[in-house]
Amino acid sequence: MAEFTLRIRRWDPESGEAPYWDQHTIDLEPHRSVLEGILQAKARFDGSIGIRCSCRAAICGSCGVRINGQPGLACHTHLDHALKGAKDGVIEVEPMGNMPIIKDLIVDMDAVHWKKVQRVTPWLINKEPIPEREYIVPHHNMVDITQSMACIQCGACVSDCLSMEVDPEFIGPAALAKAYRFAGDPRDAQQFERVKDLAEDPHGIYDCTHCFKCIEACPKGVAPMNQIMRLRRIATGTHHIADRNNGERHESAFVSLVRDHGLLWEAELLPRSYGGDSFFGKFAPKAGMELLDSLPVIARGLLRRKVTPGKAIMPPRDVPKDAREEIKRIFEKVEGRDEVRELNLYISGYDEDAEGAETASASSAAPQGQTSAERGQPGMSPEESPTR
Amino acid sequence: MPEHDVLIIGAGLAGQRAALAAAEAGATVAILSKVHPVRSHSVAAAGGINAAISLDDRWESHAYDTVKGSDFLGDQDAIEIMCREAPGEVMHLEHIGVTFHRNEKGELDLRAFGGASMKRTAYVADITGQAILHVLYEQLMKYHERVDRFEEWFTTSLIRDDDGRCVGCVARDIRTGDMQTFKAKATILAQGGAGQCFKPTTNALICTGDGIAQAYEIGAPLMDMEMIQYHPTTLVENGFLITEGARGEGAHLLNSEGERFMEKYAPNKMELASRDVVSRAEQTEINEGRGVGPDGSGIYLDITVVPRKRVLEALREIVNIGKDFAGVDITREPIMIRPGQHYIMGGVKTDVHGQVPGVPGLYAAGEVACVSVHGGNRLGANSLLDTLIFGRRSGEHAAERAKGMPIPKVSDAQLKADIARIDRIIARPRDGRRVSEIKDELGTTMNRYVAVFRDEAGLLQAHETVRRLKEQAKTAYIDDRGTVFNQDVLGAIELGYMLDVAEAIVVAALERKESRGAQFRTDFPERNDDEWLKHIDISRNGDDTPQVSYSPVTITQWQPEERKY
Amino acid sequence: MKVAYWPGCVSRGFTPELHGSMEQIAPLLDIELVELDRASCCGAGVIAEHSQELADTLNARTFALAQQVGSDTMMMNICSTCQGAQTECQERLDASAEYRALVNENLAEYGLEYRKGVKNKNLLWLLVEDYGLDELRKRVKRPLTNLKVGPFYGCYIVRPTDRLGIDDEYPRDTYMSLLIEALGGTVIEYAGAQKCCGFPIITMNKEASLRQAGRHLGDAADADADCLVTPCPLCHLNLDLQQPLAERIVGRELNMPVLHLPQLIGLALGLSPKELGLGRHIVKPTSVIDWSTSVIAGVA
């Protein structure tokens, strides 16, 4: 047993007072959870502390909170681990963000989380005819959407979504991960309609700022941002939807610029994102408007010689010609193939054996004699990142 | 005052399924839940759902396995219905979108499970309960115009009119503290089990026996209350469940001598014998000094024998649990488990339509009910099935019955009484015991005397303790005096429910002087069909003591025989 | 030490002062830069969004080129986005021999092969972990005393923590603070340090993109920072190049200069703001220039 101090953010809506911090010292074994700590505080000191909780085993999704500023499940966070992230040795527990607070650690999920989930038509729209028995579906398809299905609707991803912070109407990680569960289900009849809807919505799949917060927050490995990217892949790759938000054009322009020049040509990227992926993209009205809008910036850039006129008009030539040819041929080879080859580590896990002979570097930054694979954890992530 | 044809209390699998079935049958439906529906404990069910869908399988085989699993206490008419309707229900689930795993041919894959004579468990990795629950909720969102949802509403009482009919309930909006009477032509109880009477338990904090106690309170009969399932593989650390699916995939149970001791107890089915058999085997090994762990109170579950790729695909949750709660990589080392309280076979007595005898208008489905399809012991993956089959049947029957019936007249007497009761609890002076203390003592007592092995002395001790705690609960005080989200006062009410349920359990266990299924009496170690092939019913006497009676077991095809695995 | 140096695209495009300043400080640190001029853009997550195999192949090629420099040679990048995008690809490539073989097939005709386990680190990590802050401190000629610096990491170098090897042993999400302090500066803490600059959505939702940049710049200003420093040129674009537009969107003046990491280091090593290309920024780093002028005057 050890002592831990919890600082809990309290708010009593009936008191008329502002929120305040409430501190309690509990004692439990270090590997017990923050939730158990809070429940002990409730049991021993103050039963009015409000927190939703039920299963204690990270499956019901009730106890989403922020611990030391990071979103997660209270039942899933060990006290000793939380202590490490604590300022001045006190573990801070606050309600989740991006959602209105009802009382103490309890937030109004209906107002934000569930509202967004309902936005994505979260039920199967059957492909007809419905078979008498089961639909015949390839094994890997079902395993694939199990990652989205693993979502327990805890709200941790919504809590800290940075896009939602500046754009509250963003549909958000939880709802979009749920949308993938249907878009990726071969039994659903409306894959095209679903992705088109979400691609065209200005607060849809192209409103995600790609910040990885939701991947970091999720206690179940759902990786919502990855699901959003898969929705984008379906929208552009499968259905070639040229959305009004410039998402497809941006992606298309980026890809073709790197294909042709080996590097990104920023000056072309912007106009093509608006006007379309070709040399003439910049002459399209949308691109013209954007260029006009950016004139002050362009002017200043030229003035300060951050960008020379040459740099703006001529493509980058830092990569030697023959290397550029190699790169272009790689693009053509991979894109030219019909079959799409993707590796989802959530499903496939990591190789078991050390394969020491194949390891290139002597792992100078890693401890002697251990490669990342040897110390790897099954299924979730390697204990050691590839960068160590 | 909300009024509906069908009122459903509890939004787990049984409740949600009942709501959808009733709505489809044209009834006006309300569903109440004290937590958001997807937080219901059905979400924790892992391993799978049984159905004889394989073309090589027959529902009769499934039924026989269930009857045998129940140690012949199950009512065979109900079991036949459940097993016969199972394939249709699983296909229905598939059609509304449950993401069942496939085999190489793209058909539903089936895994092995405890007590089953062949592979007939459909599954979604090891999150089957979650998958089905979330898909049912998707349907409720789809049909939001047909089903009124009251999420985070706590039911305080059922209402019985002067003619003895159940006409609705009183419930509290947890968010605002506002209390309302809900009128309904039919009320379906679906609040689940009562694992919180035991400590530790695999059950969530919300499993406080609400429905069982509320039915008991208005005079409905409870049945088979002594039958408490101890799941063989719960984490020694904290009582968390490790799904039977692990053993279904081939995992072994080992004692301190490294032997697969199930050979001694169930040489044919080994680790996949019925749960009561496995739990008793483990407990015996532990009691006889062959347990593992620092105090020898555990048993090793060895999943390293299952191919790693398969573990990642089909047992992902256990990988997480092992890592997060026990610091163990289950693909490389065994994990320590022991038997833990998990399920209650007993509950509110019902017929095969979910109707509660003696209380017209009252239904029950799911773990809260006792039809009985599980008898003395439930097979793994039969609970998910039970909830859906009888949830559907209750919903359909209630909807049908509601046609042409007038909405009952309900006074606000119960509402007033409940409001007063809550006010009294809040006002209690701080000189009694704390609610949490009483709950802890209850749980420890039940786990000590009413567990895998029981005897008269222990049961009497338990009964005495429960009655003492009931007295103390009357003056137990709480801290929260507010109205917004007052979880404290609800905890005090739940404590009352748990104590009622605990008493019924102990009384029934004392009454059955026999060992059958999950009940093992060291003073009566043999099964005794001559005297005890019958159900024990409990109902409330006017003066708050449980009254015992018996009812017969329905036998159709299968005469009781010796039960060997 | 010798490194296989991947400069990235933007450091040679719209933020040439980044590559320029890196080349300036390398000899002062005795770091030999072997430039991977044949390597391609890392994809910045956008190419991976389009096609995982394509992004994995392009980066496997870059890794293979680095491995050709020397099997033990570390690869170094100067861009958070490159670090994140490349590590994501490396994670897949290293996780499965089967997949790696597939990708290597795409490279075979160019005589290239990626062997598992390349060590790819951002300048920031390299300095703390391999070079050593003590060694860096020895070379500081002009400590950044009284310069209040707010770190801005860039999402791709701080999340997800497990993929990027961030934990108690390697607290890489605190390295900016350690570095600023090692250079003698004062670390300014403010809310936006590890949030998103908004660059990925600049063409898709310009307002939301620049509202993010504007807020974080504003938070730093409120915390009294003299400047921000970032290891990511894409962040630099949204924070510096777009600052005037960001000001309009958040409705306040910001005047917050943003420095590249090598520029900050260069100042401490004794180089002048002009040499480091500080004059090329859209937001004139007046406070920094004033500070350096006063320090030089003081020293002189």
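Computed from a predicted structure; not experimentally measured.

Structural notes on the overall build of chain C
Line of reasoning, step 1. From N to C terminus, chain C includes 13 helices and eight strands.
Line of reasoning, step 2. Here the C-alpha atoms of chain C give a radius of gyration of 19 Å, agreeing with the 19 Å that 2.2 N^0.38 yields for 300 residues.
Line of reasoning, step 3. Taken over the C-alpha atoms alone, chain C extends approximately 60 × 45 × 35 Å along its principal axes.
Line of reasoning, step 4. The long-range share in chain C, meaning contacts at least 24 apart out of those at least 6 apart in sequence, stands at 77%.

What to know about the interface of chain C and chain A
Line of reasoning, step 1. Between chain C and chain A, the contact holds 100 residues from the first and 84 residues from the second.
Line of reasoning, step 2. Across the interface of chain C and chain A, roughly 8,500 Å² is buried in total on both sides, 54% from carbon and sulfur atoms.
Line of reasoning, step 3. Its largest share of buried area at the contact with chain A, chain C owes to Phe 14, Glu 49 and Met 204 of chain C, together 9% of the area lost on that side.
Line of reasoning, step 4. Linking chain C with chain A are twelve salt bridges.
Line of reasoning, step 5. For Asp 293 of chain A, the salt bridge is made with Lys 206 of chain C, and the minimal N-O distance between the two is 2.9 Å.
Line of reasoning, step 6. Of the residues forming the side of chain C that touches chain A, the biggest block, eight residues, is contributed by helix 4 (residues 80–95) of chain C.
Line of reasoning, step 7. Among the residues making up the side of chain C that touches chain A, the classes are represented as 38 nonpolar, 28 polar and 34 charged.

Examining the packing of aromatic side chains
Line of reasoning, step 1. Within this structure, the stated rule accounts for 14 aromatic pairs over all chains.
Line of reasoning, step 2. Taken together, a centroid distance of 5.4 Å and an interplanar angle of 70° make the contact between Trp 114 of chain A and Tyr 137 of chain B edge-to-face. You can see Trp 114 of chain A sitting in helix 3 (residues 110–119) and its partner Tyr 137 of chain B sitting in helix 4 (residues 128–142), one on each of two chains.
Line of reasoning, step 3. Overall, the relative accessible area of 4% leaves Trp 114 of chain A in the buried class.
Line of reasoning, step 4. Seen in terms of ring centroids, Phe 150 of chain B and Trp 153 of chain B are 5.6 Å apart; in terms of plane orientation they differ by 90°. Their pairing is edge-to-face.
Line of reasoning, step 5. Classification of Phe 150 of chain B by relative accessible area gives buried; the value is 16%.
Line of reasoning, step 6. Within the aromatic cluster, the residues linked to one another by ring pairs are Phe 150, Trp 153 and Phe 182 of chain B.
Line of reasoning, step 7. Of note, Lys 68 of chain B hangs over the ring of Tyr 565 of chain B, and the distance from its end group to the ring centre comes to 4.4 Å.
Line of reasoning, step 8. Note that Arg 111 of chain B overlies the ring of Tyr 123 of chain B, its terminal NZ or CZ placed 4.1 Å from the centroid.

A word on the pairing of strand 3 (residues 64–67) of chain A
Residue and element names in this part refer to chain A.
Line of reasoning, step 1. Direction of pairing for strand 3 relative to strand 4 (residues 70–73): antiparallel, over a ladder of four bridges. Across the sheet, the residue bridging to Ile 67 is Gln 70, located in strand 4.
Line of reasoning, step 2. Counted along the chain from strand 3 to the antiparallel partner strand 4, the turn is two residues long, and its residue Asn 68 has a positive phi close to 50°.
Line of reasoning, step 3. By the bridge criterion, two bridges tie strand 3 to strand 5 (residues 90–94) in an arrangement that is antiparallel. Across the sheet, Ile 67 pairs through a bridge with Val 93, a residue of strand 5.

A short note on the interface of chain A and chain B
Line of reasoning, step 1. Contact residues are listed per partner, giving 77 residues for chain A and 71 residues for chain B.
Line of reasoning, step 2. A buried area of about 6,100 Å², summed over both sides, lies between chain A and chain B, and 50% of it is on carbon and sulfur atoms.
Line of reasoning, step 3. Counting across the chain A and chain B interface gives eight salt bridges.
Line of reasoning, step 4. Counting across the interface, chain A meets chain B through 45 residue pairs in polar contact (both at pLDDT 80 or more).
Line of reasoning, step 5. Among the elements that take part in the side of chain A that touches chain B, helix 4 (residues 139–149) of chain A stands out by supplying six residues, more than any other.

Notes on the pattern of salt bridges
Line of reasoning, step 1. Scanning the model with the defined rule gives 110 salt bridges over all chains in all.
Line of reasoning, step 2. Note that Glu 134 of chain A and Arg 133 of chain A form a salt bridge whose closest N and O atoms lie 3.4 Å from each other.
Line of reasoning, step 3. Taking the shortest distance from any N to any O, the salt bridge between Glu 290 of chain A and Lys 206 of chain C comes out at 2.8 Å. Residue Glu 290 of chain A is found in helix 13 (residues 285–293), and its partner Lys 206 of chain C is found in helix 9 (residues 206–222); the two belong to separate chains. Side by side, Glu 290 of chain A and Lys 206 of chain C carry an identical accessibility label, which is buried.
Line of reasoning, step 4. Beyond isolated ion pairs, a larger network of salt bridges with shared partners links Asp 71, Glu 226, Asp 276, Arg 280, Arg 512, Glu 514, Arg 516, Arg 527, Asp 529 and Arg 563 of chain B.

Overview of the nonpolar core
Residues and elements named next belong to chain B.
Line of reasoning, step 1. Grouped together as the largest cluster of nonpolar side chains are 187 residues, with contacts concentrated most on Ile 49 and Ile 303.
Line of reasoning, step 2. In this structure Ile 303 touches Ala 246, Ala 251, Val 311, Leu 315, Ile 318 and Ile 330, once residues within four positions along its chain are discounted.
Line of reasoning, step 3. By size, the runner-up hydrophobic cluster in this structure holds 84 residues, among which are Trp 153, Leu 189, Ile 422 and Ile 425.

Concerning the domain arrangement of chain C
Residue and element names in this part refer to chain C.
Line of reasoning, step 1. Domains assigned within chain C are domain 1 (2–122) and domain 2 (139–294).
Line of reasoning, step 2. Relative to domain 2, the C-alpha centre of domain 1 lies at a distance of 24 Å.
Line of reasoning, step 3. Across the boundary between the two partners, domain 1 contributes 27 residues, which contact 27 residues of domain 2.
Line of reasoning, step 4. Taken together, both faces of the contact between domain 1 and domain 2 bury some 2,300 Å²; the carbon and sulfur share is 69%.
Line of reasoning, step 5. At the boundary of domain 1 with domain 2, the tally comes to three salt bridges.
Line of reasoning, step 6. A salt bridge links Arg 163 to Glu 91, with the nearest nitrogen and oxygen atoms 3.0 Å apart.
Line of reasoning, step 7. Linking domain 1 with domain 2 are eight residue pairs in polar contact (both at pLDDT 80 or more).
Line of reasoning, step 8. For the side of domain 1 that touches domain 2, the secondary structure elements donating two or more residues are helix 1 (16–29), helix 4 and strand 4 (120–122).
Line of reasoning, step 9. Per element, the largest residue contribution to the side of domain 1 that touches domain 2 is nine residues, and it comes from helix 1.

Procedures and definitions
Residues numbered from 1 in each chain as written. Chains lettered and ligands numbered in written order. Predicted model: local features only at pLDDT ≥ 70, side-chain atom pairs only at ≥ 80, totals over all residues. Heavy atoms only, no water. Helix = DSSP H or I, 4+ residues; strand = E, 2+ residues; numbered from the N terminus. Rg over C-alpha atoms; globule rule 2.2 N^0.38 Å. Contact = heavy atoms within 4.5 Å. Buried area = accessible area lost by both parts, 1.4 Å probe. Salt bridge = Lys/Arg side-chain N within 4 Å of Asp/Glu carboxyl O. Nonpolar A, V, L, I, M, F, W, Y, C, P; charged D, E, K, R; others polar. Phe/Tyr/Trp six-rings, centres within 6.5 Å; stacked < 30°, edge-to-face > 60°. Buried < 20%, exposed > 50% of the residue type's maximum accessible area, 1.4 Å probe, protein only. Lys NZ or Arg CZ within 6 Å of the ring centre and 35° of its normal. Pairing = 2+ DSSP bridges. Polar contact = N/O pair within 3.5 Å; in protein donor to acceptor, adjacent residues only side chain to side chain. Core = buried A, V, L, I, M, F, W, Y, C linked by side-chain atoms within 4.5 Å. Domains from an automatic or database assignment.

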